[in-house]
Amino acid sequence: MRVDHSDIRMLLSRSLVQRYLTESFLSFIEEKGILNLLKALQSFDMDKALEALQQKLGYNSLHRTRKMMIQIIVDFLCECGYLEKKGEYYSWDERVVLERSISDDEKEAIRSVFKGQVNFFERCLLHADDFLKGSPPFYDFGSDSLYAWEEFLGDVEFKFARDVLIN
C-alpha cells in the first residue's frame, strides 16, 4: 500500500499508539496556551509566532533547539489540519475542531503494552513547557539518562524490531 505523505492525518489515525501520542501532543499544545495564542494571531509567519510565544508564554525562542521545537509544533498543527500554510504564512482553519477519539480503556491498554515508549513521551511532554522557557533538556545522552533510554528502547515495539534485525 502506498501512503500519501501529503496527508499525514490518514497515517496518524490508523495506529492506536499514534492516535494516543497525537492526542497527548495536542493536549499539551492546548493546555499550555500555544493553541489559543496561534488562533488569536489569525495569520502569521514563524517570526511573528516566535515573538508572540516569547512575549505571552515566556518561551526562549532565540535558542536554536527551542526554535526548532516551536517549528515542529506549528508543522504538526499543519499536518493535523488545524493550520494552513500558504507561502511563508500560516492561518488557522476555523472549520477544524479538536477531536478526542481514544477511550479511557484504550489509553490504559496502550499504557500497559507500550509502557516504556508512553512513559518516555509523557515525561518529555511534562518537561517541554519548562524547556521552552529555558530549562535544560530533561534527558541527555549521558550515563545519567541511561535508565530512560533503556526503558524507551526496551519497549515492546523496539524489542520486536531489534529481534527481527538481529535474527
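Just above, that's the structure.
Here is what the cut-offs are and how they apply
Residues numbered from 1 in each chain as written. Predicted model: local features only at pLDDT ≥ 70, side-chain atom pairs only at ≥ 80, totals over all residues. Heavy atoms only, no water. Pairing = 2+ DSSP bridges. Helix = DSSP H or I, 4+ residues; strand = E, 2+ residues; numbered from the N terminus. Buried < 20%, exposed > 50% of the residue type's maximum accessible area, 1.4 Å probe, protein only. Core = buried A, V, L, I, M, F, W, Y, C linked by side-chain atoms within 4.5 Å. Contact = heavy atoms within 4.5 Å. Polar contact = N/O pair within 3.5 Å; in protein donor to acceptor, adjacent residues only side chain to side chain. Axes fitted to C-alpha atoms, helices over the stretch in contact; angles between N-to-C directions. Parallel < 35°, antiparallel > 145°, perpendicular 65-115°, else oblique. Nonpolar A, V, L, I, M, F, W, Y, C, P; charged D, E, K, R; others polar. Phe/Tyr/Trp six-rings, centres within 6.5 Å; stacked < 30°, edge-to-face > 60°. Lys NZ or Arg CZ within 6 Å of the ring centre and 35° of its normal.

Spatial strand order, β1-β3-β2: 3 strands in an open sheet with antiparallel pairing. Single-partner strands in this sheet number two, and they are β1 (43-44) and β2 (83-86). Pairing between β1 and strand β3 (residues 89-92): 2 bridges, direction antiparallel. The residue of β3 that forms the bridge with S43 is S91.

On to unusual backbone geometry. Even without a glycine there, the phi angle at Q42 is positive, about 65°. Its relative accessible area of 49% is what places Q42 among the partly exposed residues.

Because side chains alternate across β3, one face comprises the buried residues Y90 and W92, and the other comprises Y89 and S91, none of which is buried. With 4 bridges connecting them, β2 and β3 associate as antiparallel partners. Counted as the bridge partner of K85 is Y90 from β3. Once β2 ends, the chain turns through 2 residues before running back antiparallel as β3, passing G87 with a positive phi of about 65°.

All right, on to the nonpolar core then. F28, I29, I34, L38, F44, I73 and L77 are the most contacted members of the largest nonpolar core, which totals 29 residues. Looking at this core, the elements that each hand over two or more residues are α2 (16-31), α3 (34-41), α4 (46-57), α5 (64-79), β3 and α7 (115-132). Residue contacts for L38: discarding those within four places in its chain leaves F44, A49, V74 and L77.

Moving on to the environment of Y20. Following the sequence through the fold, Y20 ends up in helix α2. Spatially, the C-alpha atom of Y20 lies 7.8 Å from that of I110, the residues being 90 residues apart in sequence. What Y20 contacts, discounting residues up to four positions off in sequence, is I102, K107, I110, R111, V118 and E122. There is a polar contact of 2.3 Å between the side chain of Y20 and the side chain of E122.

Moving on: the packing of helix α6 (residues 104-113) against α7. One way to put it is that α6 packs onto α7 with a least axis distance of 5 Å and a crossing angle of 105°. What the angle tells us is that α6 and α7 run roughly perpendicular. Facing α6, whose interface residues are I110, R111, S112 and V113, α7 presents K115, V118 and E122. Its residues assigned to classes, the contact of α6 with α7 shows 3 nonpolar, 1 polar and 3 charged.

Under the criterion given, the structure shown has 4 aromatic pairs. Aromatic pair F25 and F28: ring centres 6.3 Å apart, planes at 5°, arrangement stacked. One end of the pair is F25 and the other is F28, both in helix α2 and 3 residues apart, which spans about a single turn. Plain terms: the ring middles of F44 and Y90 are 5.5 Å apart, the flat faces sit at 25° to each other, and that makes the pair stacked. With a gap of 46 residues between them, F44 in strand β1 and Y90 in strand β3 connect regions that are remote in the sequence. The residues F44 and Y90 share a single accessibility class, namely buried. Aromatic rings pair up to connect F25, F28 and F76 into one cluster. The residue whose ring lies beneath R66 is F131, and the NZ or CZ to ring-centre distance is 4.3 Å.

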